[in-house]
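Notes for the structure review
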Amino acid sequence: MKTTVSSATKTVIIGDDQPTVIIGERINPTGKKKLAAALLAGDLEMVRQEAIQQVAAGADILDVNVGVAGVDEVALLPEAVKIVMEAVDVPLCIDSANPEALEAALEVYQGKPIVNSVSGEEASLQRILPLVKKYNTVVIGLCMDDDGIPQNDPEKRVAIARKIVARAEALGIPREDILIDCLALTLGANDQAGLVTLQAMRQVKAELGVNLTLGASNISFGLPERELLNTVFLSICLAAGLNCPIVDAAKMRPAILAADLALGRDSYGRRYIRAYRARLKAAASAP
Ligand code: THG
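In what follows, the accompanying structure is described. (Residues numbered from 1 in each chain as written. Predicted model: local features only at pLDDT ≥ 70, side-chain atom pairs only at ≥ 80, totals over all residues. Heavy atoms only, no water.)

**Considering the overall build of the protein chain**
Per the secondary structure count, the protein chain includes 10 helices and 10 strands. The globule rule puts the C-alpha radius of gyration for 287 residues at 19 Å, and the 18 Å found for the protein chain is close to it. Along the first, second and third principal axes, the C-alpha set of the protein chain runs to 55 × 40 × 35 Å. Within the span of the protein chain, comprising 287 residues, buried residues form 51% of the whole. (Helix = DSSP H or I, 4+ residues; strand = E, 2+ residues; numbered from the N terminus. Rg over C-alpha atoms; globule rule 2.2 N^0.38 Å. Buried < 20%, exposed > 50% of the residue type's maximum accessible area, 1.4 Å probe, protein only.)

So, in C-alpha cells, the structure goes:
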C-alpha cells in the first residue's frame, strides 16, 4: 500500500516498505501563546520561521493548523498555506475542523496535500469526503464518531476505521489515499490509553491494509518528561506499523531513524549514519 502526496516540486511516498515519513506538528497554536497571539493579529512570520526550521530538522511533510478561538480560519488558513508553500518545498497536511477553511486552503494548494481530517461522525463524512474527491487529496480518518472516541475499546475504533474506508471507497476515493489515525490520548488520564491505540493500529493494518498516522505527542499531555515518553511510545508504534507520525521533527527524528534501522527500513544504515555525521558537523561549526 503506497500513499503519494506532493507539493509543486516534491513527491513523498508513505508505505510499509518506505522509511518513516515525519509530519512536522509545530505549526499549531495549541499550547503556544506567542504563536496564538501572532495568528490573532494576522501575523504569519512565526509560521514561516517554524516551516523553515522544521524542514531543516528533517520534517518530510508539514501539518498546518491555525485554529485559535477568535481567528477567521476561512481567511487565515489559505494565507498560512501560501506562506508555507513559498518558504519550503515539502507537501502539506492541512489541519482544520472547519470544512470551509479546508476548502479555501485546497483552492490555493499546489500539488496533492493531506486533508486533516475526516472522522466517523456523519456530518464529517458527508462534508469532508466530497472535498477529498473533488480536490484529489489524501485524507486522514480519525477513529472517533458521533459517540466520541471509544475508550478502552480497540475493536470500536477499528469499526470506525472500517466505516470511513467503506464510505470513502463508495465515493471513488482509493484506499491508498486514506491514512487512518487510531488516536493517542494522554496516559495522564488513563494508563491503558497507549495499549488501546497500539491494539487498534495492529488490527486496522492487518484487516484494512491502510497506512497509519498518529498525533503521537498527545500521549504525554500533562505528564513530566514528555520527550522521554513520546520517544518510547513512538518507537513502539513504529514497530506496530505506524507510517507517518505527526511529531516535532527536531525532537523525534533521531529516535525515528534509530527505529527505522532496527526495523530493517534503512539499508546499510545509510540514513542513520548520514544524520549522525550531519549532527557532528553542525556541532563542530556551532559557536
Ligand atoms: N491527529 C491528527 N492531527 C492532529 C492531532 C492528532 N493535529 C494536532 C495534534 N493532534 C498534533 N499536533 C500537536 C502539536 C503540538 C503538540 C502536540 C500535538 C504539543 N504542543 C506543546 C504543548 O501543547 O504543550 C507545545 C510545544 C511547544 O511549545 O514547543 O504538545 O492527534 N490527525
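**Some remarks on the site of the ligand**
Close to the ligand lie 17 residues; Arg26, Asp95, Asn116, Asp181 and Asn218 are nearest. With respect to the ligand, the side chain of Arg26 contributes an N or O atom lying 2.9 Å from an oxygen atom. Arg226 has a polar side-chain atom sitting 3.0 Å from an oxygen atom of the ligand. Bound to the protein, the ligand loses 79% of the 670 Å² it would expose on its own. Residue assignment for the shell around the ligand shows that the elements contributing at least two residues are strand E3 (23-27) and strand E7 (138-142). A breakdown of the residues in the shell around the ligand according to their chemical character gives four nonpolar, seven polar and six charged. (Near = heavy atom within 4 Å. Polar contact = N/O pair within 3.5 Å; in protein donor to acceptor, adjacent residues only side chain to side chain. Areas by Shrake-Rupley, 256 points an atom, 1.4 Å probe, with all protein chains shown as cover. Nonpolar A, V, L, I, M, F, W, Y, C, P; charged D, E, K, R; others polar.)

**Structural notes on the nonpolar core**
Within the largest apolar cluster, 71 residues are counted, with the highest numbers of intra-cluster contacts made by Leu62, Val84, Ile180, Met201 and Val204. In this view, Leu62 contacts Ile23, Gly24, Ile27, Ala51, Gln54, Val55, Val84, Val88, Val90, Pro91, Leu92 and Cys93; residues no more than four positions away in its chain are not counted. Listed in part, the 15 residues of the second largest apolar core include Val5, Val12, Leu142 and Cys244. (Core = buried A, V, L, I, M, F, W, Y, C linked by side-chain atoms within 4.5 Å. Contact = heavy atoms within 4.5 Å.)

**A look at helix H3 (residues 73-87)**
The terminal C-alpha atoms of H3, which comprises 15 residues, lie 20 Å apart, in line with the 21 Å expected from a rise of 1.5 Å per residue. Here H3 has its buried residues at Glu73, Leu76, Leu77, Pro78, Ala80, Val81, Ile83 and Val84. Its side-chain oxygen placed 3.2 Å from the backbone nitrogen of Val74, Asp72 serves as the N-cap of H3. (Expected span 1.5 Å × (residues − 1).)

**What about the state of the cysteines?**
As used in these notes, a disulfide is a covalent bond between sulfur atoms, one from each of two cysteines. Across all of its chains, the model carries zero disulfides by this definition. With no disulfide partner, Cys237 has as its closest neighbouring cysteine sulfur the one in Cys182, 9.4 Å distant. The exposure class assigned to Cys237 is buried, which follows from its relative accessible area of 0%. (Disulfide = S-S within 2.5 Å.)

**Focus: the pattern of salt bridges**
Summed over all chains, the structure comprises 17 salt bridges. Residues Lys112 and Asp177 are paired through a salt bridge, measuring 3.0 Å at the closest nitrogen-oxygen approach. Note that Lys112 is positioned in the loop between helix H4 (99-108) and strand E6 (114-119) and Asp177 in the loop between helix H6 (154-170) and strand E8 (178-181), a separation of 65 residues in sequence. In this pair, the class of Lys112 matches that of Asp177, namely buried. (Salt bridge = Lys/Arg side-chain N within 4 Å of Asp/Glu carboxyl O.)

Note that every value here comes from positions in space, so none of it alone points to a role or purpose.
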